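Remarks on the overall topology
For reference, the chains in residue letters:
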Amino acid sequence: MSRKVLVIGETRDGVLRNVTFEAIAAAKRISDGGEIVGLICTGSADTQLAEEMIHYGADRSILAENPKLETYTSEGFAQAAGQVIEQEKPDAIVMGHTAIGKDLTPKLAARYETGLISDVTELEESTDNVVFTRPIYSGKAFEKKIITDGLLFITIRPNNIPSLEKDSSRSGDVSVTEVEVADLRTVITDVIKKTADGVDLSEAKVIVAGGRGVKSKEGFDPLYDLAEVLGGAVGASRGACDADYCDYSLQIGQTGKVVTPDLYIACGISGAIQHLAGMSNSKVIVAINKDPEANIFNIADYGIVGDLFEIIPQLIEEIKQVKVNA
Ligand SMILES: Cc1cc2nc3c(=O)[nH]c(=O)nc-3n(C[C@H](O)[C@H](O)[C@H](O)COP(=O)(O)OP(=O)(O)OC[C@H]3O[C@@H](n4cnc5c(N)ncnc54)[C@H](O)[C@@H]3O)c2cc1C
């Protein structure tokens, strides 16, 4: 059964987030040959972004424009997306399982009194009901879900469903719809950034994470150096954040960010269950810890027993060497 799928794109600092392209790839599989429509809610229409969604697999794109959509608010974006949903009447809506996706999709699904399957990591195409897989109990089990009736709302976890290859020669219709947005009850007056620019932690392919074993703010410097040579991002355990070695925005775990990079390097992290809840589904886990009994080794694919301050500089040197010889 072919389905029309609307993908709600997400931008950060004026560029589309990778998870948008992954959402298009998921939409393609859900659509069973149906049409994929990209949607960007925006304060000022940027057709380049809309075209980029087409290059990654959308058939056409809509820019829902209103100056009140300059910064994300659930109230404003729900009104804008709602108008496009009324106009397009899709069978399914896909978005990234990001802070915005987690906020916006339940609001819309509740309005249409229909099902939402969140945090999807895999899906099985089917002509009747697509089967969606999502982790539960902090990644200790997986459940498979279907929506039997009505509009499908899906959010996908970043880094799990590979995006399609970019094809800049793909073309499709880009339309600008001026949407009505009633006066917002909550207005964002300023956004104060806490982390430096760089690779976004929740979408990073490589994460170098530090724990209490890093011992100080300065102790994180070699981790930043390692992340840089690997093109990755730096994360942390709550132990490191509580000790004020780094900002809480880096925290990974049950009460922090959930990440699934290709490579996770845990440095001086013991492997408490609450930390594992945020990273145990990483594809390859490397642990560096001086305690051979540390729990992190129970889930690591590769373990290095030793002092992180001796091992990390050696790793950086080796990686640089490999890059020179490549
Ligand atoms: C409700 C609740 C929610 C929580 N949520 C989270 C969460 O989201 N994320 C999270 O991380 N934690 C969370 N915690 C805290 C969690 O229980 C642990 O306390 C925390 O993860 C420990 O951090 P750590 O591994 O950095 O520190 P520690 O447990 O102190 O481990 C430090 C490790 O560093 C090693 N080490 C020391 N020096 C070196 C060295 N030079 N070289 C190599 N290794 C060294 C040690 O052997 C040790 O294994 C939560 C706790 C509760 C109760």
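This structure is a prediction, so every number in the text was calculated from the model and none was measured.

1. Quick notes on the site of the ligand
Taken together, the neighbourhood of the ligand is formed by 26 residues, with Arg212, Ser237, Thr255, Ser270 and Asn289 sitting nearest. Side-chain polar atom of serine 270 to an oxygen atom of the ligand: 2.7 Å apart, as the coordinates give it. Contacts to the ligand include aspartate 307, whose side-chain N or O atom sits 3.1 Å from a nitrogen atom. For the ligand, the protein covers 76% of the area, taking 990 Å² as the surface of the free molecule. Placement of the ligand is best described as lying within the second largest pocket.

2. Considerations on the side chain of glutamate 203
Looking at the secondary structure, you find glutamate 203 in the loop between strand 12 (174-178) and strand 13 (206-210). At a separation of 3.3 Å, a polar atom in the side chain of glutamate 203 contacts the main-chain amide nitrogen of asparagine 18. In this view, glutamate 203 contacts Arg17, Asn18, Val19, Pro158 and Asn159; residues no more than four positions away in its chain are not counted.

3. Thoughts on the packing of aromatic side chains
Following the criterion strictly, the structure yields two aromatic pairs and no others. The interplanar angle of 70 degrees and the centroid separation of 4.8 Å between the aromatic rings of tyrosine 72 and phenylalanine 77 together place this pair among those described as edge-to-face. With relative accessibility at 18%, the residue tyrosine 72 sits in the buried group.

4. Overview of the environment of isoleucine 299
Within the secondary structure layout, isoleucine 299 lies in helix 8 (residues 296-299). Between the C-alpha atom of isoleucine 299 and that of leucine 223, which follows or precedes it by 76 residues, the distance is 21 Å. Each residue touching isoleucine 299, except ones within four places of it in the same chain, is listed here: Leu276, Met279, Ser280 and Ile285.

5. Looking at the pairing of strand 10 (residues 141-145)
Inspection of the sheet shows strand 9 (residues 131-136) paired to strand 10 by five bridges, in the antiparallel sense. Each bridged residue has a counterpart across the sheet, and for threonine 133 the counterpart in strand 10 is lysine 144. Two successive antiparallel strands, strand 9 and strand 10, enclose a turn made up of four residues, where tyrosine 137 displays a positive phi of approximately 45 degrees.

Procedures and definitions
- Residues numbered from 1 in each chain as written.
- Predicted model: local features only at pLDDT ≥ 70, side-chain atom pairs only at ≥ 80, totals over all residues.
- Heavy atoms only, no water.
- Near = heavy atom within 4 Å.
- Polar contact = N/O pair within 3.5 Å; in protein donor to acceptor, adjacent residues only side chain to side chain.
- Areas by Shrake-Rupley, 256 points an atom, 1.4 Å probe, with all protein chains shown as cover.
- 1 Å grid on protein atoms, 1.4 Å probe; cavity = no way out; pocket = protein on both sides within 12 Å on 5 of 7 lines; lining within 4 Å.
- Sits in = over half its atoms within 2 Å of the grid points.
- Helix = DSSP H or I, 4+ residues; strand = E, 2+ residues; numbered from the N terminus.
- Contact = heavy atoms within 4.5 Å.
- Phe/Tyr/Trp six-rings, centres within 6.5 Å; stacked < 30°, edge-to-face > 60°.
- Buried < 20%, exposed > 50% of the residue type's maximum accessible area, 1.4 Å probe, protein only.
- Pairing = 2+ DSSP bridges.

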